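# A structural walkthrough
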Amino acid sequence: MSVVDKVAVVTGGASGIGEGCVRKLWSLGYMVEILDRQSEQATRLADELNLSSNRVKCRYVDVADSHHVEERAQEIWNEYQRLDVLVTSAGILESSANILDMDLDAHDRVWQVNYHGTVHCARSFGRLMRTARCGSIVTVGSTTSFVAFPLPAYCPGKTAIRRFTEILAVELGRFGVRVNGVAPTYVITPAMQAKIDAGERDPEVLRNSGALDLLVEPEHIGEAVAFLCSDAASAITGVMLPVDAGFNATIPYRTYAGGVPWRDE
Ligand SMILES: NC(=O)c1ccc[n+]([C@@H]2O[C@H](COP(=O)([O-])OP(=O)(O)OC[C@H]3O[C@@H](n4cnc5c(N)ncnc54)[C@H](O)[C@@H]3O)[C@@H](O)[C@H]2O)c1
């Protein structure tokens, strides 16, 4: 697969899952633009990758600010006159909460960054792709895009991202632009590690929640994103692809009321 001269924008690319996507797309030969609000960390990653091949730039953005996102999109278009890939990984995690007792400011912030941030980026960069009549957008959902968790802002927000991905795929399909999402299970990123350190996630539950004896890493998500953006996925649009080591299948299976016929060999 040759992607020389292709341009990829990764929001939240300074850390975790976004960083996994940046590293993978860079390794495939893309010019990569990291859009993140953590400028120092983004610069550190860009400097590291640019030592071997000078194809990474970073720009400050707050995805919750639509004007900000639009400015960055125009800058990038003016610089390259092309845009091939957008990955929307900028996001924040939430602490478990009851809906009736939750802090509304914290609730609104999760929606502003995770859902509205995705909409702002897909809208500004999607317009450029519509004009160019090509491109691939990959949103970042979660296992919470499919089933309920005690995360009253995060879970409905990720479910909304799944539906938004489908709607945008239909809208942009006739312009040759594909729109898909990845839905990771638990991934130990800096954000997830902070939740573990704060006692808000149990690492044992997190490690044993899938069908495979595998801890999903940011690199696995990067691989799935690269696939969705590649010609190998040219007939795929409007899907939210679980990258979950079997999490979605495992949870209902393990709770079957008839009992599970485990057999160890
Ligand atoms: N870690 C997991 O287990 C997991 C599982 C499923 C989905 N996700 C999703 O993956 C995405 C990345 O999460 P992560 O775990 O890699 O977190 P992370 O904190 O390691 O990385 C998130 C990045 O997004 C950036 N960011 C946050 N808010 C921003 C804003 N307003 N504007 C611009 N940049 C912003 C941060 O600076 C950071 O670099 C999120 O959407 C998260 O919901 C994570």
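Higher on the page you've got the structure.
So, here's what we can say about the structure. Everything numeric here is computed off the predicted structure, so don't read it as measured data. (Residues numbered from 1 in each chain as written. Predicted model: local features only at pLDDT ≥ 70, side-chain atom pairs only at ≥ 80, totals over all residues. Heavy atoms only, no water.)

### Section: the overall build of the chain
Along the backbone of the chain there are nine helices and seven strands. At 18 Å, the chain has a C-alpha radius of gyration in line with the 18 Å of a compact globule built from 265 residues. Projected onto the principal axes, the alpha-carbon positions of the chain cover approximately 60 × 45 × 40 Å. Burial status across the chain gives 49% buried among its 265 residues. Here the contacts in the chain between residues at least 6 apart in sequence split such that 72% fall between residues at least 24 apart. If you sum the accessible surface of the chain, you get close to 13100 Å²; carbon and sulfur atoms cover 53% of it. Charge separation in the chain, taken as the distance between the mean sites of 25 positive and 33 negative side-chain charges, equals 7 Å. (Helix = DSSP H or I, 4+ residues; strand = E, 2+ residues; numbered from the N terminus. Rg over C-alpha atoms; globule rule 2.2 N^0.38 Å. Buried < 20%, exposed > 50% of the residue type's maximum accessible area, 1.4 Å probe, protein only. Contact = heavy atoms within 4.5 Å. Areas by Shrake-Rupley, 256 points an atom, 1.4 Å probe, with all protein chains shown as cover. Lys, Arg positive; Asp, Glu negative; His and termini not counted. Charge placed at Lys NZ, Arg CZ, Asp CG, Glu CD.)

### Digging into the site of the ligand
Neighbouring residues of the ligand: 30 residues in total, closest S15, D36, Y154, V187 and T189. Measuring from an oxygen atom of the ligand, one finds a side-chain N or O atom of S15 at 2.6 Å. Between the ligand and K158, the relevant distance is 2.9 Å, taken from an oxygen atom to a side-chain nitrogen or oxygen of the residue. Considered on its own, the ligand offers 830 Å² of accessible surface; in the complex 96% of this is hidden by protein. The cavity where the ligand resides is the largest pocket. Among the secondary structure elements, those contributing two or more residues to the shell around the ligand are helix 1 (16–27), helix 4 (104–132), helix 5 (154–173) and helix 6 (190–197). Looking at the shell around the ligand, the element that brings in the most residues is helix 6, giving three residues. Split into classes, the residues belonging to the shell around the ligand amount to 15 nonpolar, 10 polar and five charged. (Near = heavy atom within 4 Å. Polar contact = N/O pair within 3.5 Å; in protein donor to acceptor, adjacent residues only side chain to side chain. 1 Å grid on protein atoms, 1.4 Å probe; cavity = no way out; pocket = protein on both sides within 12 Å on 5 of 7 lines; lining within 4 Å. Sits in = over half its atoms within 2 Å of the grid points. Nonpolar A, V, L, I, M, F, W, Y, C, P; charged D, E, K, R; others polar.)

### Describing the sheet that holds strand 1 (residues 7–11)
The strand order 3-2-1-4-5-6-7 describes an open sheet built from seven strands, whose pairing is parallel. In this open sheet, the two edge strands, each paired with only one partner strand, are strand 3 (56–60) and strand 7 (240–243). Recorded for the sheet is a direction-independent mean angle of 20° between the axes of neighbouring strands. Pairing geometry for strand 1 and strand 2 (residues 31–36), over five bridges, is parallel. Paired with T11 across the strands is L35, a residue of strand 2. Strand contacts of helix 3 (residues 66–80): strand 1, strand 2 and strand 3, with the helix running at about 150° to strand 3, the strand carrying the most contacts. (Pairing = 2+ DSSP bridges. Axes fitted to C-alpha atoms, helices over the stretch in contact; angles between N-to-C directions.)

### As for the layout of surface pockets
In this structure, the largest pocket encloses a volume near 950 Å³. In terms of lining residues, the largest pocket is bounded by 45 residues, among which I92, L93, Y154, T189 and A191 are the most central. Counting residues per element, the ones that place at least two in the lining of the largest pocket are helix 1, strand 2, helix 4, helix 5, helix 6 and helix 7 (203–207). Taken together, the residues of the lining of the largest pocket sort by class into 21 nonpolar, 15 polar and nine charged. (Points joined across faces, edges and corners; volume = space filled by probe spheres on them.)

### Considering the environment of I17
Within the secondary structure layout, I17 lies in helix 1. For I17, a relative accessible area of 16% corresponds to the buried category. As a C-alpha pair, I17 and P184 span 167 residues in sequence and 9.0 Å in three-dimensional space.

### A short note on the state of the cysteines
By definition, a disulfide links two cysteine residues through a covalent bond between their sulfur atoms. The tally for this structure, following the rule as stated, stands at zero disulfides. The structure places no disulfide on C21, whose sulfur is separated from the nearest cysteine sulfur, that of C229, by 8.5 Å. Under the relative-accessibility criterion, C21 is labelled buried at 1%. According to the relative accessible area criterion, C229 is buried, its value standing at 10%. (Disulfide = S-S within 2.5 Å.)

### Structural notes on the nonpolar core
One finds L83 and F125 to be the most contacted residues of the largest nonpolar core, which totals 31 residues. Apart from the residues within four sequence positions on either side, L83 is in contact with V7, V9, W77, F125, L128, M129, C134 and G135. Residues A8, W26, A42 and C229 belong to the second largest nonpolar core, which totals 30 residues. (Core = buried A, V, L, I, M, F, W, Y, C linked by side-chain atoms within 4.5 Å.)

### A closer look at helix 2 (residues 39–50)
Counted at 1.5 Å a residue, the expected span for helix 2 with its 12 residues is 16 Å, and the 16 Å between its end C-alpha atoms agrees. Listing the buried residues of helix 2 in full gives A42, L45, A46, L49 and N50. On an axial view of helix 2, the arc spanned by its buried residues comes to 125°, and they lie on one face. Exposed side of helix 2, more than 90 degrees from the buried face: E40 and R44 are the residues found there. Elements in contact with the buried residues of helix 2: helix 1, strand 2 and strand 3. (Expected span 1.5 Å × (residues − 1). Arc of directions from axis to C-beta.)

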